[in-house]
4 protein chains.
Amino acid sequence: MKIAIVGAGSTYTPELVEGFLKEARALALKQVYLFDIDSYRLRIVADLVKRMVEAKGSPFTVKATQDRKKALSNADFVLTQIRVGGQRARHADTKICLEEGLLGQETTGAVGFAKALRTIPVILELCADLKKYAAGARLINFTNPAGIVTEAIQKYGGVEAIGLCNVPVGMKMALAKDYGVSYREIDFDYVGLNHLSWVRKVFIRGEDKTAEILEKEIEAPANIPKMNINPKFKRALGMLANSYLDYFYLQDEMTARLKSEEKTRAEIVEEIEKALLKKYQDPGLAEKPKELEKRGGAHYSTVAVSAVKYIALNSGKKLIVNVRNNGALPDLGPDAVVEVTSLLDARGATALTVGRLEPEIRGLIQQVKAYEELTIEAAVRRNYNKALLALAANPLVTSVNKAQRILDRFNQEHKLGLREL
Amino acid sequence: MKIAIVGAGSTYTPELVEGFLKEARALALKQVYLFDIDSYRLRIVADLVKRMVEAKGSPFTVKATQDRKKALSNADFVLTQIRVGGQRARHADTKICLEEGLLGQETTGAVGFAKALRTIPVILELCADLKKYAAGARLINFTNPAGIVTEAIQKYGGVEAIGLCNVPVGMKMALAKDYGVSYREIDFDYVGLNHLSWVRKVFIRGEDKTAEILEKEIEAPANIPKMNINPKFKRALGMLANSYLDYFYLQDEMTARLKSEEKTRAEIVEEIEKALLKKYQDPGLAEKPKELEKRGGAHYSTVAVSAVKYIALNSGKKLIVNVRNNGALPDLGPDAVVEVTSLLDARGATALTVGRLEPEIRGLIQQVKAYEELTIEAAVRRNYNKALLALAANPLVTSVNKAQRILDRFNQEHKLGLREL
Amino acid sequence: MKIAIVGAGSTYTPELVEGFLKEARALALKQVYLFDIDSYRLRIVADLVKRMVEAKGSPFTVKATQDRKKALSNADFVLTQIRVGGQRARHADTKICLEEGLLGQETTGAVGFAKALRTIPVILELCADLKKYAAGARLINFTNPAGIVTEAIQKYGGVEAIGLCNVPVGMKMALAKDYGVSYREIDFDYVGLNHLSWVRKVFIRGEDKTAEILEKEIEAPANIPKMNINPKFKRALGMLANSYLDYFYLQDEMTARLKSEEKTRAEIVEEIEKALLKKYQDPGLAEKPKELEKRGGAHYSTVAVSAVKYIALNSGKKLIVNVRNNGALPDLGPDAVVEVTSLLDARGATALTVGRLEPEIRGLIQQVKAYEELTIEAAVRRNYNKALLALAANPLVTSVNKAQRILDRFNQEHKLGLREL
Amino acid sequence: MKIAIVGAGSTYTPELVEGFLKEARALALKQVYLFDIDSYRLRIVADLVKRMVEAKGSPFTVKATQDRKKALSNADFVLTQIRVGGQRARHADTKICLEEGLLGQETTGAVGFAKALRTIPVILELCADLKKYAAGARLINFTNPAGIVTEAIQKYGGVEAIGLCNVPVGMKMALAKDYGVSYREIDFDYVGLNHLSWVRKVFIRGEDKTAEILEKEIEAPANIPKMNINPKFKRALGMLANSYLDYFYLQDEMTARLKSEEKTRAEIVEEIEKALLKKYQDPGLAEKPKELEKRGGAHYSTVAVSAVKYIALNSGKKLIVNVRNNGALPDLGPDAVVEVTSLLDARGATALTVGRLEPEIRGLIQQVKAYEELTIEAAVRRNYNKALLALAANPLVTSVNKAQRILDRFNQEHKLGLREL
């Protein structure tokens, strides 16, 4: 078995490889190819990864390459974790939006829109290569905004893709710590889109603990500012909300907070990464360093390895992933990508049925999905009009005049090549 | 034939009666009953109306009463145009919202929510009487928020109801003036909810003039502040937008505008009404005074008389009304009330099929409909939690913490009796 | 205005022209072109039609031609009433089916299937010419099986088409006679597919008379054998059933009946037509002869002229036609052609919403529609497998082994050119 | 853990118990209660079962009782396998139908209808007791017609129920033998209703073997007559058909076959059971006798034990069961019970999404489901009209006049108490 990691210069890669090391035998994993366009980061990360694999007795070989054909050829699984434009672009997007008082984060609001527009054309190019060099390979996408990017791949890439997010497993891990159980003993009645999801019910060892958990504070991801939400609303909602929902539920407060912060998240991450990459260069280091946890993407490895394993071994087990809706949420179209519990086996991921949505979450999900559809169309067709309509449809964009101004700036800043028709 | 007007103390009543006078013979209209709980306004308006009817040769009798049973008994049509709490409540709602920086108008945003919560219980009580005293009567509802109120009646009132709005005919009249045709020669491909609608295509004498019209400025209703929307967005949208959409498309600018205004719309209307009521008391006045046009509800009469006529005469003609969806917009549930072209005949109003919505309008329609559903549940069950979820689902409410604060104030101010469960 | 009649050699044509003569002025009708591939019949019918038009003062000109380009060029409306293979083919189909004990009629069962397979390729060729010579023309289709043929045109012809049937107006006329009213004073709550429809409610002058009418015998079309259906079933159903439903409700009895008859309907019609064509050649005849009524297609003219008029004059009136479903019946796909009340205006026909179907009619409608879909695919792709699946899906085909045998015979008899894949 | 078996006098019970014996430890199974209204059969079967359990070292206790309260109290799982009226009623149903030339089998056609009507009231009574004595227990239903009975329970029983059938596992076992693999290594893309299902794809060890398998003869259940279906149809269909589909695909041939048989299946089974019960009384017998295989219900035990295990152990594994549709097949309503791959865990069974159906199977599924809905309504309301409409909607009932005659006979024969309204 061969796995190719695209965007392997990411500081997350050691975490991912750590996961594959644990399951190398079960997976009969023979080769891991690391690909990145950034030769500096690729070399540093690859060297660390090679030391890690060697320290474990070299169950598989590791190759670093900047030749996409070599990386992809005959791969069984391709993992994508790219960041088009890097932290610089992310910083610019945030700044452009905040200058107009608009909110966002790399997956959410106008900032997420800008990232999607930069990313989709690149990922579709990758898909074209994938079909050429590794027909039948499975694409596992971590690239954010993961829901939109996965939907773009499924609609236009001609490649079977599953989108992964660490939030569901992260929520389970936080609860598991609290309850002193394994995260595998926790089941979620989970529904929504990537970074726009709710846990309707939590079962711990088969028992419904939702009411109890709603009264608790649950540890949120490191990359989301901690906000105070009034307890009456939490009680009225009666579900656990993904922390990213703070951007919607507390739009005004979050905007004020982001405006007040000295550094953008992009700038902070840039510093963390600089330190990490320095650390990675320590020739004595042969394991994932503890500092990686600050980076925000904890548990990605857990989800990625589970997904690969269930498919490769035809396990028929459930996992919360980004998958073609296919009727799971009848309030959305069948081609929408949704984040729901799915069954993973040799045929890939199949969504389990969920049923009609409560109105308190339905409207927002439908509106964000409409925005996502438009965003994909805009990116694929480089269509300015669709892009403007996408921004206008985003619930965090509170003025179409502002939308037009930021769109013109994105178009110029990132050379998106959007054309009015 | 007997028509009962509930909320007849409204200054609009003379306009309505003017319409019925024109069609009295065709309709075989014999009796018009005017009902209001405000004896002062009822007397003034009734006196003017009686003079108007007399001046036209008394084709039907006019009776004013504060006895609801008398007003409703054996009516064929009941027209509702009530304003629970009057302009005072409307003013209070607007102020409460603006203090939190939240936008709204009596049908839209948190202000519309407050009006809905006050109004639904009163209108459902009326429905109970209607079933008792005039089984089989048709209810024609103008009471705002007309879409929500009509949906509440259909779901919980047990009465056949159609909701009317003057916006569609107003848009046609504005275009008719521009093109020198009758508004009857204009056809719309019209879609949406009350005060949240779009004209996808305009046909003048059967010819598609949409592209041409999109480049023009169309006269908006008097009660909506005039805003500048960028032409790129108008072009990207490619449809005519209901003027009320400015609250959504230009939420930030509209908030700034409303904050900057010295008087609320409620205060302005109160003054207009004071002047109108004074004018109405002139014993020499026997027709609708020209000043009524400032009031904002132009053309209600045209729509109301058309609706009554098409049903009473089993005409089988089309009219844009608020009606049970029933599959017209498959992106919404069958029980949702939508504002679409319908066929009116003896059986009432039946929606024409419209089909799937474009994503640029679909998400917003779905989110507002989810909000409307929650609002109705909150009002019917006096449920604080549902009310809070309704506000949180409203796209113009940008913080659930603010939502909770204004909800507590509404609850107290209007004695809504909402209970947390 | 120009109307082209394709298949004008039909003995129905005088009836059609009689209708247009009555409305010639209102329609501003200038030219009627008669086209047929059968020169013998075309000449006879055209001569009679010319005498009829002349007798009424020649409000429009009549031209007979075998040049399709001439016939179609710049037509505003094209009426299709073709019978591919003539009565001979119809006779053969019936015989082939009866030999296997299978039931059918030119629109229903395996016999209707055979006609569809012969007809669809011819009608799609006509559509190709229509797009070339008369872009924007409306196609009004009477060709049977009208529902399937209209759906084929809408899906593959690239032409706007409406399918017409005389059954709904025929039912109204029968009731009108009974109640001494005009058929225009009767409204139906009508639902289904062509020749597979039900009247859920009958309103006479706006009053619901359904229960009363269910106890009566209503005159059926001349071409359907008179059958006895038990009154308990009629009461249980609670709707008026289209007479063609006897083929389904009394499949065994109808099969026995058809087997026992000496002549097929095709043979009888052939004789009627021979006599009619002889009559038509009488140079003294300048009106539709009374004998035409035996032919079975009474009132086609009424429906055809109404359809043309409502569209041409942008009337916005309702008519029961075969039209794109578009959500009217949510139990069927949006692209299915259904027979429902529609609004006709300059934009064509738009279905009114009907809503969910009762299970007692839903299953049969869905199964027949699935059969129709497969039939269209089989005809368009000349695909033997799809054809066999279509027959197997037809509720009147009670054995897939028999289906295979008759399909092989149809394929040979009519040179359908179906290929196994 | 306690399991109650209702209808334990069935000759299948030893097979079931054999299965539980194998998994007793894993399930922590402590008590098995056997309940039947037939004391003779209950005693014989219970004695054998007790010997079987003892022979395996008595991992759990076995109690036989005719006290329903005792049997159900605090059960964790209740398995229902009742036959209201016994083989005598089954025989009568078959004869009544065949006299009118109508086809059927205990789950299919008018014969299955009669069984459903007898069974539903009894099973709903059981549900009432279940709610009283064992709230929260899971009901696992084998009672035929399993799909209809399970839907009736879910709609009207107020009890969580899963319906099981041995056909899917039987098909897998037949293929497994052929391919020399374990049935667990075979995956189906499976879709339909109970006894009306198709395998769209077969994967053996993850590899698609459908095309190859379509050319083979697969062993059918013992209770279905072996029929010849033409290979062209099999190829056109391209899916494996459940053997029960022969009743639909070869309705005429199957009718002729059944008419020609000397004994009904009921009579044959009665003889088999007589012999089995005699065998069961052998005090030396302490295991399931080989002769049971003739009875027809092979592998029920495999499915039942899997279902109980996956739920009890919160396994999250897939199994093909009868389950609430919930959007899995968007062509059917959400409340329909369908037979599809589901995920079983502590929360019960959740259907996996399947998506739109091909027209060649869609129509028949929809029609049979409409029939099933009507049958349930008829049984629950004892409504003659609904019963007549149900029969008329059944694709194997080819005349509503015959339907009326057999319904009157069923009503009298089984004292169904149906009332015309």
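Residues numbered from 1 in each chain as written. Chains lettered and ligands numbered in written order. Predicted model: local features only at pLDDT ≥ 70, side-chain atom pairs only at ≥ 80, totals over all residues. Heavy atoms only, no water.

**A short note on the overall build of chain A**
Piece 1. When its secondary structure is counted, chain A shows 16 helices and 14 strands.
Piece 2. The C-alpha radius of gyration of chain A comes to 21 Å, within 12% of the 22 Å expected for a compact globule of 421 residues.
Piece 3. Seen through its C-alpha atoms, chain A measures out along the principal axes to roughly 55 × 55 × 40 Å.
Piece 4. Put simply, chain A has 421 residues, and 64% of those count as buried.
Piece 5. As presented, chain A carries roughly 15400 Å² of accessible surface, and 47% of it is formed by carbon and sulfur atoms. (Helix = DSSP H or I, 4+ residues; strand = E, 2+ residues; numbered from the N terminus. Rg over C-alpha atoms; globule rule 2.2 N^0.38 Å. Buried < 20%, exposed > 50% of the residue type's maximum accessible area, 1.4 Å probe, protein only. Areas by Shrake-Rupley, 256 points an atom, 1.4 Å probe, with all protein chains shown as cover.)

**Digging into the relation of the copies chain B and chain A**
Copies of the same chain, two in number, are related to each other by a rotation about an axis and a translation along it.
Piece 1. Superposing chain B onto chain A requires a rotation of 180° together with a translation of 0.0 Å along the rotation axis, leaving an RMSD of 0.1 Å. The two molecules are tied by a two-fold rotation axis, judged by turn and shift.
Piece 2. A shared interface surface links the copies, since 100% of the contact residues of chain B are contact residues in chain A too. (Least-squares fit on C-alpha atoms with pLDDT ≥ 70 in both. Contact = heavy atoms within 4.5 Å.)

**Some remarks on the relation of the copies chain C and chain D**
Piece 1. You can overlay chain C on chain D at an RMSD of 0.0 Å; the transform is a turn of 180° with a shift of 0.0 Å along its axis.
Piece 2. A share of 100% of the interface residues of chain C reappears at the interface of chain D, consistent with the copies meeting face to face through the same patch.

**Quick look at the packing of aromatic side chains**
Piece 1. Applying the stated criterion across every chain yields a total of 20 aromatic pairs over all chains.
Piece 2. Between Phe113(C) and Phe410(C), the aromatic rings sit 6.3 Å apart at their centres with planes inclined by 40°, giving tilted as the arrangement. Here Phe113(C) is found in helix 5 (residues 109-133), whereas its partner Phe410(C) is found in helix 16 (residues 400-413), with 297 residues between them in sequence. In this structure, Phe113(C) and Phe410(C) share a single accessibility class: buried.
Piece 3. Through pairs of rings, three or more aromatic residues link up here, namely Tyr12(A), Phe142(A) and Tyr300(A).
Piece 4. We note Lys172(C) situated over the ring of Phe188(C); from NZ or CZ to the ring centre the distance is 5.3 Å. (Phe/Tyr/Trp six-rings, centres within 6.5 Å; stacked < 30°, edge-to-face > 60°. Lys NZ or Arg CZ within 6 Å of the ring centre and 35° of its normal.)

**Observations regarding the interface of chain B and chain A**
Think of interface size as the accessible area that goes away when the parts come together; that is how it is often given.
Piece 1. The partner chain A presents 38 residues to the 38 residues of chain B that form the contact.
Piece 2. Interface of chain B and chain A: buried area, both sides summed, is about 3500 Å²; carbon and sulfur atoms make up 51% of it.
Piece 3. When the buried surface of chain B facing chain A is broken down by residue, Lys232(B), Leu389(B) and Val400(B) rank first, second and third, together holding 16% of it.
Piece 4. At the surface where chain B touches chain A, the tally comes to 8 salt bridges.
Piece 5. Among the salt bridges present, the one from Glu420(A) reaches Lys232(B), with a minimum N-O distance of 3.3 Å.
Piece 6. Connecting chain B to chain A are 20 residue pairs in polar contact (both at pLDDT 80 or more).
Piece 7. When residues of the side of chain B that touches chain A are traced back to their parent elements, those giving at least two are helix 9 (231-237), helix 10 (246-249), helix 11 (251-260), helix 14 (359-381), helix 15 (384-393) and helix 16 (400-413) of chain B. (Buried area = accessible area lost by both parts, 1.4 Å probe. Salt bridge = Lys/Arg side-chain N within 4 Å of Asp/Glu carboxyl O. Polar contact = N/O pair within 3.5 Å; in protein donor to acceptor, adjacent residues only side chain to side chain.)

**Remarks on the pairing of strand 2 (residues 31-35) of chain B**
All names here are of chain B.
Piece 1. A large share of strand 2 lies buried, amounting to 4 of its 5 residues.
Piece 2. Here 5 bridges tie strand 1 (residues 2-6) to strand 2, and the two strands are oriented parallel to one another. Each residue of the ladder has a partner; that of Ile5, found in strand 2, is Leu34.
Piece 3. As for the winding sense of the linkage, the β-α-β connection from strand 2 through helix 2 (residues 39-55) to strand 3 (residues 61-65) is right-handed. (Pairing = 2+ DSSP bridges. Right-handed = clockwise from strand over helix to strand, strands pointing away.)

**Considering the interface of chain C and chain D**
Piece 1. Each partner contributes to the interface: chain C provides 38 residues, whereas chain D provides 38 residues.
Piece 2. Counting the surface lost from both chain C and chain D, the interface buries some 3500 Å², and carbon and sulfur atoms represent 50% of this.
Piece 3. Scanning the region where chain C abuts chain D turns up 8 salt bridges.
Piece 4. Notably, a salt bridge pairs Glu373(C) with Arg362(D), separated by 2.4 Å at the nearest N-O pair.
Piece 5. At the level of elements, helix 9 (231-237), helix 10 (246-249), helix 11 (251-260), helix 14 (359-381), helix 15 (384-393) and helix 16 of chain C are the ones that each hand at least two residues to the side of chain C that touches chain D.
Piece 6. Here the side of chain C that touches chain D is composed, by residue class, of 16 nonpolar, 11 polar and 11 charged. (Nonpolar A, V, L, I, M, F, W, Y, C, P; charged D, E, K, R; others polar.)

**Observations regarding helix 12 (residues 265-280) of chain D**
Piece 1. With 16 residues, helix 12 of chain D extends 22 Å between its outermost C-alpha atoms, agreeing within 8% with the 22 Å of an ideal straight helix rising 1.5 Å per residue.
Piece 2. Its buried side turned inward, helix 12 of chain D meets helix 1 (13-27), helix 2 (39-55) and helix 4 (86-99) of chain D. (Expected span 1.5 Å × (residues − 1).)

**Some words on the environment of Leu193(D)**
All names here are of chain D.
Piece 1. Tracing the chain through its elements places Leu193 in strand 8 (residues 186-193).
Piece 2. Leu193 gets classed as buried once you look at its relative accessible area, which sits at 1%.
Piece 3. Between the alpha carbons of Leu193 and Ala336 there is a distance of 9.4 Å; along the sequence they are 143 residues apart.

**Observations regarding unusual backbone geometry**
Piece 1. Following Asn144(C), the chain continues to Pro145(C) via a peptide bond in cis, the omega torsion being -5°.
Piece 2. Counting through the fold element by element, Pro145(C) comes out in the loop between strand 6 (138-141) and helix 6 (146-157).
Piece 3. Its identity is not glycine, yet Lys415(A) carries a phi of approximately 50°, on the positive side.
Piece 4. The topology assignment puts Lys415(A) in the segment after helix 16 (400-413).

**Considering the packing of helix 5 (residues 109-133) of chain D against helix 16 (residues 400-413) of chain D**
Packed helix pairs are characterised by how far apart their axes lie and by the angle those axes make with each other.
Residue and element names in this part refer to chain D.
Piece 1. Between helix 5 and helix 16, the shortest axis-to-axis distance is 11 Å and the interhelical angle comes to 30°. Viewed along their axes, helix 5 and helix 16 adopt a mutual orientation that is roughly parallel. The crossing of helix 5 and helix 16 is right-handed. Taking contact as the criterion, the partners of Ala110, Phe113 and Ala114 in helix 5 are, on helix 16, Ile406, Leu407 and Phe410.
Piece 2. Broken down by class, the residue content of the contact of helix 5 with helix 16 amounts to 6 nonpolar, no polar and no charged. (Axes fitted to C-alpha atoms, helices over the stretch in contact; angles between N-to-C directions. Parallel < 35°, antiparallel > 145°, perpendicular 65-115°, else oblique. Left-handed = near helix turned anticlockwise from the far one by under 90°.)

**Considering the confidence of the model for chain A**
Piece 1. On average, residues of chain A score 95 in pLDDT, and 99% of them reach the 70 mark or higher.
Piece 2. Interface predicted TM-score (ipTM) for the complex: 0.96; the corresponding pTM is 0.96. (pLDDT = per-residue confidence, 0-100.)

**Observations concerning the pattern of salt bridges**
Piece 1. The tally for this structure, following the rule as stated, stands at 156 salt bridges over all chains.
Piece 2. With a closest N to O distance of 3.8 Å, Lys115(B) and Glu106(B) form a salt bridge. Taken individually, Lys115(B) and Glu106(B) each receive the classification buried, so the pair is uniform in this respect.
Piece 3. Bridged by salt links that share partners, the residues Arg68(A), Glu125(A), Asp129(A) and Lys132(A) form one connected network.

**So, the environment of Asn385(D)**
Piece 1. Note that Asn385(D) resides in helix 15 (residues 384-393).
Piece 2. Using a relative accessible area of 15% as the deciding quantity, one classes Asn385(D) as buried.
Piece 3. When the C-alpha atoms of Asn385(D) and Gln66(D) are compared, they prove to be 36 Å apart, with 319 residues separating the residues in sequence.
Piece 4. Ignoring anything within four residues of it in the chain, the contact list for Asn385(D) reads Ala236(C), Glu420(D) and Leu421(D).

**Some words on the environment of Ala336(A)**
All names here are of chain A.
Piece 1. Looking at where Ala336 falls in the secondary structure, it is placed in the loop between strand 12 (317-324) and strand 13 (337-345).
Piece 2. Here Ala336 falls in the buried class, since its relative accessible area comes to 7%.
Piece 3. For the pair formed by Ala336 and Ala370, sequence separation is 34 residues and the distance between their alpha carbons is 9.5 Å.
Piece 4. Not counting chain neighbours up to four residues away, the residues in contact with Ala336 comprise Glu151, Val323, Arg324, Asn325 and Lys369.

**Here we look at the side chain of Thr13(B)**
Residues and elements named next belong to chain B.
Piece 1. Among the secondary structure elements, Thr13 is positioned in helix 1 (residues 13-27).
Piece 2. Overall, Thr13 belongs to the buried group, its relative accessible area being 0%.
Piece 3. Discounting chain neighbours no more than four positions away, the residues touching Thr13 are Ile5, Gly7, Ala8, Leu34, Val45, Val49 and Gln81.

**Here we look at the packing of helix 1 (residues 13-27) of chain A against helix 13 (residues 300-312) of chain A**
Residue and element names in this part refer to chain A.
Piece 1. Where helix 1 meets helix 13, the closest approach of the two axes is 8 Å, and the angle between their N-to-C directions is 25°. Taken together, helix 1 and helix 13 sit at an angle that is classed as roughly parallel. Considering only the axes of helix 1 and helix 13, their crossing is right-handed. Only Tyr300, Ser301, Ala304, Val305, Val308, Lys309 and Ala312 of helix 13 make contact with helix 1, whose side of the interface consists of Glu15, Leu16, Gly19, Phe20, Glu23 and Leu27.
Piece 2. A class-by-class count of the residues in the contact of helix 1 with helix 13 yields 8 nonpolar, 2 polar and 3 charged.

**Brief notes about a positive patch on the surface**
Piece 1. Together, Arg184(A), Lys317(A), Arg184(D) and Lys317(D) make up a positively charged patch on the protein surface.
Piece 2. Along the chain, the position of Arg184(A) falls in the loop between helix 7 (167-179) and strand 8 (186-193). (Patch = residues over 30% accessible without salt bridge, like charges linked within 9 Å, V, L, I, M, F, W, Y side chains within 5 Å. Lys, Arg positive; Asp, Glu negative; His and termini not counted. Charge placed at Lys NZ, Arg CZ, Asp CG, Glu CD.)

**Digging into helix 2 of chain B**
All names here are of chain B.
Piece 1. Along its 17 residues, helix 2 runs 24 Å from first to last C-alpha, staying within 8% of the 24 Å computed at 1.5 Å per residue.
Piece 2. All buried positions along helix 2 are accounted for by Arg41, Leu42, Ile44, Val45, Ala46, Leu48, Val49, Arg51, Met52 and Val53.
Piece 3. Buried positions along helix 2 lie against helix 1, strand 2, strand 3 and helix 12 (265-280).
Piece 4. A distance of 3.1 Å separates the backbone nitrogen of Tyr40 from a side-chain oxygen at the start of helix 2, and that oxygen is part of Asp38.
Piece 5. Phi turns positive, to about 90°, at Gly57, one or two residues after helix 2.

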